[in-house]
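Geometric and topological summary
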Amino acid sequence: QVQLVESGGGLVQAGGSLRLSCAASGRTFSSRVMGWFRQAPGKEREFVAAISWSGPSTYYADSVKGRFTISRDNAKNTVYLQMNSLKPEDTAVYYCAAQRPYRDYAISPEFDYWGQGTQVTVSS
């Protein structure tokens, strides 16, 4: 089991930046693929970004490529999502997610644990 707690959401104007953080419990953080998802009102949850436990390798949705950066600090058990050049369509609840240890994201992209989410609102 792992608990995930997101922070850093808020209200920002279009073109602005935010950095989301996700703190994970437990001693296996460094061996887990971590990801960010988002869900806008009336829409399904969608993938935003993921970072592997080895390498690490990063993966992004086309809609955020070049604007968002996912990173991790294993010493702090924390994964980050730096969001730049924000657009109103980025408005959503952002969720942190984790896989079970030692999974290969390229083979198994499913996530097993989820945080409660943090609201990001981008005004035009």
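Below, the structure is looked at part by part. (Residues numbered from 1 in each chain as written. Predicted model: local features only at pLDDT ≥ 70, side-chain atom pairs only at ≥ 80, totals over all residues. Heavy atoms only, no water.)

**Focus on the overall build of the protein chain**
Within the protein chain, the regular secondary structure consists of 0 helices and 11 strands. The N-to-C order of helical and strand elements in the protein chain reads β-β-β-β-β-β-β-β-β-β-β. A compact globule built from 124 residues would reach a C-alpha radius of gyration of about 14 Å, and the protein chain, at 14 Å, matches this within 12%. In terms of its C-alpha atoms, the protein chain occupies a principal-axis envelope of roughly 40 × 25 × 25 Å. (Helix = DSSP H or I, 4+ residues; strand = E, 2+ residues; numbered from the N terminus. Rg over C-alpha atoms; globule rule 2.2 N^0.38 Å.)

**Remarks on the sheet that holds strand β3 (residues 18-24)**
Taken together, the 4 strands give an open sheet; going across it, the order is β1-β3-β8-β7, and neighbouring strands pair in antiparallel fashion. Of all the strands in the sheet, the pair left with one neighbour each is β1 (4-7) and β7 (68-73). Pairs of neighbouring strands in the sheet enclose a mean axial angle of 15 degrees, with direction left out of account. Inspection of the sheet shows β1 paired to β3 by 4 bridges, in the antiparallel sense. Considered in β3, the bridge of Val 5 is made with Ala 23. (Pairing = 2+ DSSP bridges. Axes fitted to C-alpha atoms, helices over the stretch in contact; angles between N-to-C directions.)

**Thoughts on the side chain of Asn 77**
Tracing the sequence through the fold places Asn 77 in the loop between β7 and β8 (78-83). The residues contacting Asn 77, other than those within four sequence positions of it, are Cys 22, Ala 23, Ala 24, Ser 25, Gly 26 and Phe 29. (Contact = heavy atoms within 4.5 Å.)

**Notes on the pairing of strand β5 (residues 46-51)**
Within a regular beta strand, the side chains point alternately toward one face of the sheet and then the other, so they alternate between its two faces. Both strand β4 (residues 34-39) and β5 contribute to a ladder of 5 bridges, which runs antiparallel. Directly across from Arg 38, in β5, lies its bridge partner Glu 46. Hairpin connection of β4 to β5: 6 residues between the antiparallel strands, including Gly 42 at a positive phi of 75 degrees. Sheet topology places β5 next to strand β6 (residues 58-60); 3 bridges connect them, and they run antiparallel.

**Quick look at the side chain of Gln 99**
Positionally, Gln 99 belongs in the loop between β9 (92-98) and β10 (113-114). Owing to a relative accessible area of 0%, Gln 99 belongs among the buried residues under this scheme. At a separation of 2.6 Å, a polar atom in the side chain of Gln 99 contacts the main-chain carbonyl oxygen of Ser 108. Among the polar contacts listed, one links the side chain of Gln 99 to the backbone oxygen of Glu 110, at a separation of 2.9 Å. Setting aside residues no more than four positions away along its own chain, Gln 99 makes contact with Arg 32, Val 33, Tyr 105, Ser 108, Pro 109, Glu 110, Phe 111, Asp 112 and Tyr 113. (Buried < 20%, exposed > 50% of the residue type's maximum accessible area, 1.4 Å probe, protein only. Polar contact = N/O pair within 3.5 Å; in protein donor to acceptor, adjacent residues only side chain to side chain.)

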